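Coordinates in review
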Amino acid sequence: VEPLAVPEDLTGAAKRPVAATLEEIHEDMAAYARTSLPLELLTTRRDPRLLAAVRHEACSMEVARLIGLLAHLVYWAALAPLHAEEERLPESSRQSLLVTIHGLWSALASPHRGSPAGVGFALPVLLLVVKRGIERIFTAQYPNVFSTEEIRGIGMDRQFLGAALVEHINVACRNLLDPDCTSARFSALDTTPEAIRLWHRLNLLLASHGQGPAARMATQVHRTTPLVRTWLEAGGGGG
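Everything numeric here is computed off the predicted structure, so don't read it as measured data.

**Quick notes on the overall build of the protein chain**
When you go through the protein chain residue by residue, the secondary structure sums to 10 helices and zero strands. Helices (α) and strands (β) of the protein chain occur, in sequence order from the N terminus, as α-α-α-α-α-α-α-α-α-α. Long-range pairs, those at least 24 residues apart, make up 76% of the contacts in the protein chain with a sequence separation of at least 6. Of the roughly 13600 Å² of accessible surface on the protein chain, a fraction of 57% belongs to carbon and sulfur atoms.

**Some remarks on the confidence of the model for the protein chain**
Looking at the protein chain, pLDDT values average 87 and 84% of them are 70 or higher. Between the elements of the protein chain, mean pLDDT differs from a low of 62, seen in helix H10 (residues 226-233), to a high of 98, seen in helix H4 (residues 61-79).

**Notes on the nonpolar core**
Here is a general trend for soluble globular proteins: nonpolar side chains tend to be buried in one another's company. Judged by nonpolar contacts, the single largest core of 64 residues is most densely connected at Ile 134 and Phe 138. Those elements giving two or more residues to this core turn out to be helix H2 (22-35), helix H3 (48-58), H4, helix H5 (91-109), helix H6 (116-141) and helix H7 (156-176). Ranked by the residues each element gives to this core, the list is headed by H4, at 13 residues. Filtering out sequence-adjacent residues up to four positions away, Phe 138 remains in contact with Val 18, Ala 71, Val 74, Tyr 75, Pro 143, Phe 146 and Leu 165.

**Points about the side chain of Glu 57**
Here Glu 57 shows up in helix H3. Of the buried charged residues, Glu 57 lacks a salt bridge, with Arg 113 as the closest side chain of opposite charge at 11 Å.

**Observations regarding helix H8 (residues 193-208)**
The terminal C-alpha atoms of H8, which comprises 16 residues, lie 23 Å apart, in line with the 22 Å expected from a rise of 1.5 Å per residue. Among the residues trailing H8, Gly 210 stands out with phi positive, at a value near 75 degrees.

**A look at H6**
For H6, which comprises 26 residues, the first-to-last C-alpha distance of 37 Å matches the rise-based estimate of 38 Å (1.5 Å per residue) to within 8%. Remark: the principal bend of H6, roughly 30 degrees, maps to Ala 122, with a proline, Pro 124, within the next four residues.

**A look at the packing of H5 against H6**
Two elements in contact, H5 and H6, have axes separated by 11 Å at closest approach and are oriented at 145 degrees. Residues Trp 105, Leu 108 and Ala 109 of H5 lie in contact with H6, whose contacting residues are Leu 123, Leu 126 and Leu 127.

**Section: the packing of aromatic side chains**
Here the structure, examined in full by the defined rule, presents five aromatic pairs. Taking the centre distance of 5.8 Å and the plane angle of 40 degrees together, the rings of Phe 138 and Tyr 142 count as tilted. A residue is classified by how much of its surface remains accessible, and Tyr 142, at 1% relative accessible area, is buried. Grouped by ring-pair contacts, the aromatic residues Tyr 75, Trp 76, Phe 138, Tyr 142 and Phe 146 constitute a single cluster. In this arrangement the basic side chain of Arg 132 is found over the ring face of Tyr 32, its NZ or CZ atom lying 4.2 Å from the centre.

About the thresholds
- Residues numbered from 1 in each chain as written.
- Predicted model: local features only at pLDDT ≥ 70, side-chain atom pairs only at ≥ 80, totals over all residues.
- Heavy atoms only, no water.
- Helix = DSSP H or I, 4+ residues; strand = E, 2+ residues; numbered from the N terminus.
- Contact = heavy atoms within 4.5 Å.
- Areas by Shrake-Rupley, 256 points an atom, 1.4 Å probe, with all protein chains shown as cover.
- pLDDT = per-residue confidence, 0-100.
- Core = buried A, V, L, I, M, F, W, Y, C linked by side-chain atoms within 4.5 Å.
- Buried < 20%, exposed > 50% of the residue type's maximum accessible area, 1.4 Å probe, protein only.
- Lys, Arg positive; Asp, Glu negative; His and termini not counted.
- Salt bridge = Lys/Arg side-chain N within 4 Å of Asp/Glu carboxyl O.
- Expected span 1.5 Å × (residues − 1).
- Bend = angle between axes of the 7 residues up to and from the residue.
- Axes fitted to C-alpha atoms, helices over the stretch in contact; angles between N-to-C directions.
- Phe/Tyr/Trp six-rings, centres within 6.5 Å; stacked < 30°, edge-to-face > 60°.
- Lys NZ or Arg CZ within 6 Å of the ring centre and 35° of its normal.

Okay, structure coming up:
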């Protein structure tokens, strides 16, 4: 994904790197998870203990920390050109950031890998909370730059930047947390007639570009994990 082209009149606001504290991120995220996250609509399971456990984990400090680190990574991927070369995130710091992100997500995701409820519900919930948290950091700190809502009278530049921000967030989360996009959807929502039609159309489109089911499975089998890929990109395979 290309860095964002921020209009000149908005660059002043966008040049300040992400400044949200861990406590601020956790407070906002926990309020959302407790009062606005519609878990009951995202699963067909009617297990109060499961819903309570997932909601509790979505409020954890580990998730808040992951959100903050990913927000920093997205900022420098999207807005680095606003800064002089010497002001940008050093590559060594970026690699350390990636390793820490991988470690946090692995610790959060591992307990859920072995169960249908974990793979089909808990992990998608955590990923949704993470994506929403990153977006909130940007729209709260840079209200004059980004808008991901449809507001009457908003300029086209802010509409475009808001949509481009969401793309950066989705790409970062896919590359680092969910390379197979298995946690980017909810099983309960995939069974509706409309969802089935959309998946059929998407599969046809992917097949037309050489990404049919067999090709995608081969890619999954032979690719490295995000952590190994980060290590190789950093030159870890040279010794």
